[in-house]
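# Overview (structure and organization)
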Amino acid sequence: MAMAVAQHRESSSGSSINKHLDAGKYVRYTAEQVEALERVYAECPKPSSLRRQQLIRECPILSNIEPKQIKVWFQNRRCREKQRKEASRLQTVNRKLTAMNKLLMEENDRLQKQVSQLVCENGYMRQQLHTVNASAATDASCDSVVTTPQHSLRDANNPAGLLSIAEETLAEFLSKATGTAVDWVQMPGMKPGPDSVGIFAISQSCSGVAARACGLVSLEPTKIAEILKDRPSWFRDCRNLEVFTMFPAGNGGTIELVYTQTYAPTTLAPARDFWTLRYTTTLENGSLVVCERSLSGSGAGPSAAAAAQFVRAEMLPSGYLIRPCEGGGSIIHIVDHMNLEAWSVPEVLRPLYESSKVIAQKMTIAALRYIRQIAQETSGEVVYGLGRQPAVLRTFSQRLSRGFNDAINGFNDDGWSIMNCDGAEDVIIAINSSKNLSSSSNPANALSFLGGVLCAKASMLLQNVPPAVLVRFLREHRSEWADFNVDAYSAASLKAGTYSYPGMRPTRFTGSQIIMPLGHTIEHEELLEVIRLEGHSLAQEDAFLSRDIHLLQICSGIDENAVGACSELVFAPIDEMFPDDAPLLPSGFRIIPLDSKPSDTQDSLTTNRTLDLTSSLEVGTATNHAAGDAPSCQNSRSVLTIALQFPFDSNLQDNVAAMARQYVRSVIASVQRVAMAISPSGLSPTVGPKLSPGSPEALTLAHWICQSYSYHLGAELLRAESLGGDAVLKNLWQHQDAILCCSLKSLPVFIFANQAGLDMLETTLVALQDITLDKIFDESGRKALCSDFAKLMQQVSPN
């Protein structure tokens, strides 16, 4: 009986618990309650317990719901949101993988066709070898069959002839985009995959240089074609594109005669231009095609005067094949095939004009990346800083790049002229007396200088210095090469429209450089940022006034694995209010790899990296006569171009020119020092700067460090057997303890640190002087430092 009662009580208790759980699990909310909860969720997806209780008090319609049930509702709501986002992401990935699979299958088919073609050619060659005795007669007959007269319809002076050229261009382009007309090989370092931008290939053993890209973009074909045809918007080296003639082709397409001017990447070779036919049409399968090729002569196109500063280059059949994709978006095939007339440049620069990798990075990959950037901005996936719209920031980047290219090239029709130099060929001074700094959005906001703008520029050969590493260092350690007072002069001239040279107030740079990011491209290959340089006046009456300088800056090409990529650091003074239509006067650095021959062994890397001025470009290869260099140091070469612009008043032209010439030479010397300091050792690229054991200054410093340690602490820093010869320097550098040395000044500044010390401070040997001793201590540590350092100063001061 007792057992039955117990069972009854247990069942009753279990029933009540189940009812309670069911009541908590199956709560039905009214539409008004859901609406109130959704409003709170939009503001705070994860409210605290106090916020949920407050919600019940403020909303009478939720008063009959327990706080625990509301907590469960928010948990379920977050879970549903997470599942929705994950489902959307998986759908996007599935569409991308499907499109990539389709592209890979097409690539596989193309390769199979290429293999079949090579097999046939191999069989044909075997047959020719067997019949070599009859080759003379065969060759004569073949010549008579192969040689055909020029087609009468290929006349560029009449529409029928242009249509014939257009159809032939279309066929040749399609054979490159999806066929075997070009022997394509995979672009080094860019393997296809679900997270890649696309599939990239470069030409091998063909006339000219060529590159191809295939990718999936979430934009409609017509929008993509519109963007790609506007070449100056995405191709940074395009100076001007003008359509001279446009007429319908009769089959729904259009034919255009286009004149394009491109910038020269350095000061050592002339720029290129193109006179082309561009054909836009739609194929039977719905694909949109934009193809282009060069025309002989100029016809009704550019005048001889407009093209006088350019070398006419040839565009072989190139273009864009855009196919609509199921479920939205498009699949793009891009082909760029050119002959850049490498004969017209110095021999040392010819790899730049004969490299398919360079064309791929500058044009083909850049076009696909730009399209994907626009697609992401359209979908709202891109978020930028300081509340600026993506289009505004993209315009700033384009203006910086264009202004820098204008300074490097110095075209006569822009008003540039070469100033008489002092006989030295290393620095070129160009003057533009008609230069107006304005923006297309608000010309009324322009700054027109009484004198104009002066540009000091130079190019030099880099030997075994990674462009990406050098640009990163120049970006992060501006104080190593820049003069704060020169930056202050340019900033003051732009801000006030007046000139303070000579006699401008001296300003001390505090050493603080603050980088404020604005935005970046989808693969972080280009960064847009504002740089604030903190400074204070040295004059007593202005001692408490801030002299901060703001620079707008773009940095690109900082990925060491990007084969053939150009590395740039371009900056311009800007007002701290940073208006959208601010005038810009860009200056900067550009480093372009000339070749990318891989080293046979890891040991072939050299630790001595030198920079030669343009005089060394007269020979085919630059040589480095520093001790320890081996012939393998030629495995990595690049050309560095520096262009710095300065506003000036007409009566100060000579003064500013002398200052600019001297400043560029000091920057060159600083870059040489930086290049030596960032040189990695031959053992591992992760090893820090390697001190030269043959330097007497370095050995003297090492002995001073050991003597100072022994005198003040009464112990030996190194064992006696480690003090002989060059071993002392090596043992100091590799010592397990951090060794830091600072100058005996009122404000101690670091002058040396070993590898452990650099790792502790997270810096490099060159950047060490940017760090003052007081910056690594807190407030109490700084007070103790000041008292201890004062005692130390008294001990070492002469009696």
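Residues numbered from 1 in each chain as written. Predicted model: local features only at pLDDT ≥ 70, side-chain atom pairs only at ≥ 80, totals over all residues. Heavy atoms only, no water.

## What about the overall build of the chain?
Put simply, the rule is: Strands here are runs of E lasting at least two residues and helices are runs of H or I lasting at least four, both read from the DSSP assignment and numbered beginning at the N terminus. Three labels apply to residues, based on accessible area from a 1.4 Å probe with only protein chains included: buried if under 20% of the type maximum, exposed if over 50%, partly exposed otherwise in between. Throughout, a contact is declared for two residues whenever any of their heavy atoms are within 4.5 Å.
Counting secondary structure elements, the chain contains 18 helices and 25 strands. Here the chain holds 799 residues, and the buried ones make up 46% of them. Taking all contacts inside the chain whose residues are at least 6 apart in sequence as the whole, residues at least 24 apart take part in 65%.

## Examining the nonpolar core
Nonpolar side chains in soluble globular proteins tend to end up buried together. The test is simple: For our purposes a nonpolar core is just a set of buried Ala, Val, Leu, Ile, Met, Phe, Trp, Tyr and Cys residues, chained together by side-chain atoms within 4.5 Å. These domain boundaries are the output of an automatic or database domain assignment.
By size, the foremost hydrophobic cluster in this structure holds 52 residues, and its most contacted members are Val217, Leu219, Ile224, Ile332, Leu368 and Ile371. The element that contributes the greatest number of residues to this core is helix α10 (residues 356-378), accounting for 11 residues. Viewed by domain, this core spans two of them, domain 2 (159-382) and domain 3 (386-436 + 450-495 + 511-536 + 547-596 + 635-679), each represented by three or more residues. Beyond its immediate stretch of four places on either side in the chain, Leu219 contacts Ile224, Ile227, Gly329, Ser330, Ile371, Ile374, Ala375 and Thr378.

## Details of unusual backbone geometry
In this structure, Glu341 takes a positive phi of about 55° despite not being glycine. Mapped onto the secondary structure, Glu341 falls in the loop between β11 (330-339) and α9 (350-353). For Glu341, a relative accessible area of 17% puts it in the buried group. Positioned with a positive phi, Asn464 is a non-glycine residue whose angle comes to about 60°. Positionally, Asn464 belongs in the loop between β16 (452-463) and α12 (467-476).

## Notes on the packing of aromatic side chains
Selection rule: In summary, the pairing rule links any two rings of Phe, Tyr or Trp, Trp by its six-membered ring, whose centres are within 6.5 Å, and it sorts them by plane angle into stacked for under 30 degrees, edge-to-face for over 60 and tilted for everything else.
For the coordinates displayed, the defined rule picks out nine aromatic pairs. Ring centres of Trp234 and Phe235 lie 6.0 Å apart, and the angle between their planes is 35°; this geometry places the pair in the tilted category. Judged by relative accessible area, which is 4%, Trp234 ranks as buried. Overall, the relative accessible area of 7% leaves Phe235 in the buried class. With 6.2 Å between their ring centres and 35° between their planes, Tyr263 and Phe411 make a pair best called tilted. Taken together, the residues Tyr263 in the loop between β5 (254-262) and β6 (271-282) and Phe411 in the loop between α11 (390-409) and β12 (416-418) connect sequence positions 148 residues apart. With respect to burial, Tyr263 and Phe411 carry one shared label: buried.

## What to know about the confidence of the model for the chain
The test is simple: Note: pLDDT gives the predictor's confidence per residue, expressed from 0 to 100.
On average, residues of the chain score 75 in pLDDT, and 68% of them reach the 70 mark or higher. Averaged pLDDT values over the elements of the chain bottom out at 35 in strand β22 (residues 611-613) and peak at 95 in strand β7 (residues 288-294). Note that pLDDT drops below 50 for residues 438-446; the model gives that stretch nine contacts with residues more than four away or on any other chain. Counting interchain partners and residues more than four positions distant, the pLDDT-below-50 stretch residues 497-505 has 27 contacts.

## What to know about the pairing of β6
Stated formally: Here, strands pair whenever DSSP counts at least two bridges between them.
Burial of β6 is extensive: 11 of the 12 residues sit out of reach of the surface. Taken together, the nine bridges between β5 and β6 define a ladder with antiparallel strand orientation. When the sheet's bridge partners are listed, Leu257 is paired in β6 with Leu277. When β6 meets strand β8 (residues 310-312), the two strands line up parallel, connected through three bridges. In the sheet register, Asp273 faces β8, and the bridge partner there is Arg312. Alignment of β6 against β7, held across seven bridges, turns out to be antiparallel. Residue pairing across strands places Thr281 opposite Val289, the latter belonging to β7. Counting the residues that bridge the hairpin from β6 to β7 gives five residues, and of these Gly286 lies at a positive phi of roughly 90°.

## Overview of the pattern of salt bridges
Put simply, the rule reads: Between Lys or Arg on one side and Asp or Glu on the other, a salt bridge is scored when a side-chain nitrogen of the former is within 4 Å of a carboxyl oxygen of the latter.
For the structure on display, the rule yields 20 salt bridges. As a salt-bridge pair, Glu172 and Arg293 come within 3.6 Å of each other at their nearest N and O atoms. One end of the pair, Glu172, is in helix α6 (residues 159-177); the other, Arg293, is in strand β7, with 121 residues separating them in the sequence. Here Glu172 falls in the partly exposed class, since its relative accessible area comes to 27%. Judged by its relative accessible area of 14%, Arg293 falls in the buried class. When the shortest N-O distance is used, the salt bridge between Arg239 and Asp413 registers 2.8 Å.

## Thoughts on the side chain of Glu292
The line we're drawing: In protein, a polar contact requires one atom able to donate a hydrogen and another able to accept it; more generally it is a pair of N or O atoms within 3.5 Å, and residues adjacent in sequence count only if both atoms are side-chain atoms.
Counting through the fold element by element, Glu292 comes out in strand β7. Only 2.7 Å separates the side chain of Glu292 from the side chain of Arg231, close enough to count as a polar contact. Setting aside anything within four residues of it in sequence, one finds Glu292 in contact with Thr169, Arg231, Val258, Thr276, Leu277, Arg278, Met315, Leu316, Pro317 and Ser318.

## Remarks on the pairing of β16
Among the 12 residues in β16, 12 count as buried, and that is most of the element. Bridge count for β16 against strand β23 (residues 636-648) is 12 bridges, and the pairing is antiparallel. Within β23, the residue paired with Ser459 across the bridge is Thr641.

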